[in-house]
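Observations on the three-dimensional arrangement
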Amino acid sequence: MIDGEEWRFSLEKFVINGGCRLCGEVTVSGAKNAAVAIIPAAMLADDICIIENVPAISDVSAIIDIMSQMGVDIRLVNKSTLRIDSRNIHTAVIPYEMAKHLRASYYFIGTLLGRFGQAMVAMPGGCDLGVRPIDQHIKGFEALGAEVSIERGMIDVSARSLIGNQIYFDVVSVGATINTMLAAVKANGLTIIENAAKEPHVVDLANFLNSMGADVRGAGTDVIKIRGVSSLHGVDYAIIPDQIEAGTYMVAAAATAGDVLIKNVIPKHLEPITAKLVKMGAEVYEYDDAVRVTRKGPVVKGTIKTMPHPGFPTDMQPQMTTLLTQAEGTSLVTEGVWDNRFRYVDELRRMGANIQVDGKVAIVEGNTPLTGAPVKATDLRAGAAMMIAGLIATGRTEIEDIYHIERGYEDMEVKLRSLGADIKKIYIPDSAIPQAL
Ligand code: EPU
């Protein structure tokens, strides 16, 4: 488990000697963005939940830490199964010290509001992707009758009773959709969420809640209807496979002209990624719960615009941009979700990429051979992009700040090594540790 300042200044880095084709099989873990909602949501049950296919990533460790400190009996039954008993939870307050390592800490607000009618949680800060407002989450809570105030870095939400209502979100937000579902599931009457997010993890949370006895309909469409129920019971539930982890290995296979069978996936969830990869010259074969990706010809230039699901996922944008540096011709990448998701481009340039960024648009020159260099993971998916860049570069790439990668990818270097990559995790000598420590 990773905690304290150790998390902030990881003492490890990845070292990759590039130039190998990835070949073989890799198994995808449970979805991070489903897990960070479903694990707290288990606190809505009156008894024990068993959650399977939990990814072993540091975001999940951070959630386990927080819930343990709240009095939840939460323990790993095996590497990917959690047993959660929240009957003795003793607080609805999560101070900054507990929440600071987890961007998705906002799901505790909806969950605790749903369970206790109140929550006091440290406000999530900005992040490496730009401002991260939660105005739509607040809009959802207030529509259900909650009073919301923000003081001294804490968001305080309380309701005498939560009453179902109609909510139209101004922007499509995964977080606001999930948080409103969490708060509404035990409210009185009918809640209708319009302009809802349709991501696979929104559907997974709805399935989880329904298996506990909730009445949530329409998840995966623009309109979600939630009829409140008085209580929810414990269940045994398996989280869906991680669409973005799968997509990352798909791009890595295509980038290295490899041949990889990616197992434990839901091919339907991968369609926006598959369609782009095929246009870019890869071959993708779909099976029941696996996809195989190969590439024999050149990488074809392309146009990518990230959009909410079922559009092309923003969380695959840095990896795809890295692949496009190898295309024949110039490609255009537009970031349609986040304000600031091109910070990693500076790192790619240090490896030889020729990418111009103007606001939310990147012009990616193809045919730019990459050479190994020391780089940083500026955020989670940027880190994944650096891994792919390191695999296709000639020579040695050293990736620092890998705690970002470990927030969301289970054993990434182990999985890549099993596909033939020359990669290892090494400790950074003491001299590299910031003085502040
Ligand atoms: N937004 C608002 N107001 C709000 C909420 C969001 O204006 O109240 C805006 C955001 O600023 C952004 C857009 O709406 O421009 C979409 O944000 P969304 O709420 O959908 O994002 P999120 O729920 O905070 C989740 C994932 C992100 C992923 C986005 C978009 C989790 C824990 N995180 O974030 O995942 O990029 O949806 O799909 O589910 C990642 O895994 O690397 C990652 C960043």
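Residues numbered from 1 in each chain as written. Predicted model: local features only at pLDDT ≥ 70, side-chain atom pairs only at ≥ 80, totals over all residues. Heavy atoms only, no water.

1. Notes on unusual backbone geometry
Look at the link from His309 to Pro310: it is a cis peptide, with omega at 10°. When you line up the elements, Pro310 lands in the loop between β19 (303-305) and α11 (317-324). Phi at Arg152 is positive, roughly 45°, even though this residue is not glycine. Topologically, Arg152 is positioned in the loop between β8 (147-151) and β9 (154-158). (Helix = DSSP H or I, 4+ residues; strand = E, 2+ residues; numbered from the N terminus.)

2. Here we look at the domain arrangement of the chain
By the assigned domains, the chain splits into domain 1 (4-29 + 241-432) and domain 2 (32-238). For domain 1 and domain 2, the distance between their C-alpha centres works out to 29 Å. Taken together, the contact between domain 1 and domain 2 spans 30 residues of the former and 22 residues of the latter. Between Asp411 and Lys79 there is a salt bridge whose closest N-O contact spans 3.0 Å. Here domain 1 and domain 2 share 8 residue pairs in polar contact (both at pLDDT 80 or more) between them. Listing elements by their share of the side of domain 1 that touches domain 2, those giving two or more residues are α1 (4-8), α13 (380-392) and α14 (403-408). The dominant element in the side of domain 1 that touches domain 2, judged by the number of residues it contributes, is α14, at 5 residues. Its residues assigned to classes, the side of domain 1 that touches domain 2 shows 8 nonpolar, 10 polar and 12 charged. (Domains from an automatic or database assignment. Contact = heavy atoms within 4.5 Å. Salt bridge = Lys/Arg side-chain N within 4 Å of Asp/Glu carboxyl O. Polar contact = N/O pair within 3.5 Å; in protein donor to acceptor, adjacent residues only side chain to side chain. Nonpolar A, V, L, I, M, F, W, Y, C, P; charged D, E, K, R; others polar.)

3. Let's talk about the confidence of the model for the chain
Low-pLDDT portions of the prediction should not be read for the details of their coordinates. In this model, the chain carries a mean pLDDT of 94, and residues with pLDDT of at least 70 account for 95%. A low-confidence stretch, residues 1-8 stays under pLDDT 50, and its non-local contacts, those more than four residues away or across chains, total 14 contacts. (pLDDT = per-residue confidence, 0-100.)

4. What about the packing of aromatic side chains?
Counted under the stated rule, the structure contains 3 aromatic pairs. Ring geometry for Tyr106 versus Tyr107: centroids 4.9 Å apart, planes at 85°, classification edge-to-face. For the pair Tyr106 and Tyr107, one class covers both residues: buried. Considering the side-chain rings of Phe342 and Tyr344, the 6.3 Å spacing of their centres and the 40° angle between planes classify their relative orientation as tilted. Like Tyr344, Phe342 is buried. (Phe/Tyr/Trp six-rings, centres within 6.5 Å; stacked < 30°, edge-to-face > 60°. Buried < 20%, exposed > 50% of the residue type's maximum accessible area, 1.4 Å probe, protein only.)

5. A short note on the site of the ligand
In the vicinity of the ligand lie 25 residues, with Gln136, Ser173, Val174, Asp315 and Val337 positioned nearest. Take Lys32: an N or O atom from its side chain is 3.3 Å from an oxygen atom of the ligand. Taking Gln136, its main chain carries an N or O atom lying 2.7 Å from an oxygen atom of the ligand. Summarising the interface, the protein chains cover 88% of the accessible area of the ligand, which totals 820 Å² for the free molecule. Put simply, the parts of the chain that give the shell around the ligand at least two residues each are α2 (32-41), α6 (135-143), α7 (174-184) and α13. (Near = heavy atom within 4 Å. Areas by Shrake-Rupley, 256 points an atom, 1.4 Å probe, with all protein chains shown as cover.)

6. Examining the side chain of Ser86
Examined against the element boundaries, Ser86 turns out to sit in the loop between β5 (81-85) and β6 (93-94). What makes Ser86 buried here is its relative accessible area of 1%. Dropping the residues within four chain positions of it, Ser86 is found in contact with Ala42, Met43, Ala45, Val72 and Arg115.

7. Overview of the pairing of strand β13 (residues 224-227)
With burial as the criterion, only one face of β13 is covered, namely that bearing Ile224 and Ile226; the residues Lys225 and Arg227 on the opposite face remain uncovered. Two elements, strand β11 (residues 190-194) and β13, share 4 bridges in a ladder whose sense is antiparallel. Its bridge partner being in β13, Thr191 is matched across the sheet by Ile226. When strand β12 (residues 215-217) meets β13, the two strands line up antiparallel, connected through 3 bridges. (Pairing = 2+ DSSP bridges.)

8. Considering the nonpolar core
As a rule of thumb, nonpolar side chains are buried together in soluble globular proteins. Ranked by internal contacts, the top residues of the largest apolar core, which has 82 residues, are Ile39, Phe108, Leu112, Met181, Leu205, Phe208 and Leu209. Top element by residues in this core is α2. It accounts for 7 residues. Once residues within four sequence positions are removed from consideration, Met181 is found in contact with Ile193, Val202, Leu205, Ala206, Leu209, Val216, Ile224 and Ile226. Listed in part, the 66 residues of the second largest apolar core include Ile16, Ile262, Met386 and Ala389. (Core = buried A, V, L, I, M, F, W, Y, C linked by side-chain atoms within 4.5 Å.)

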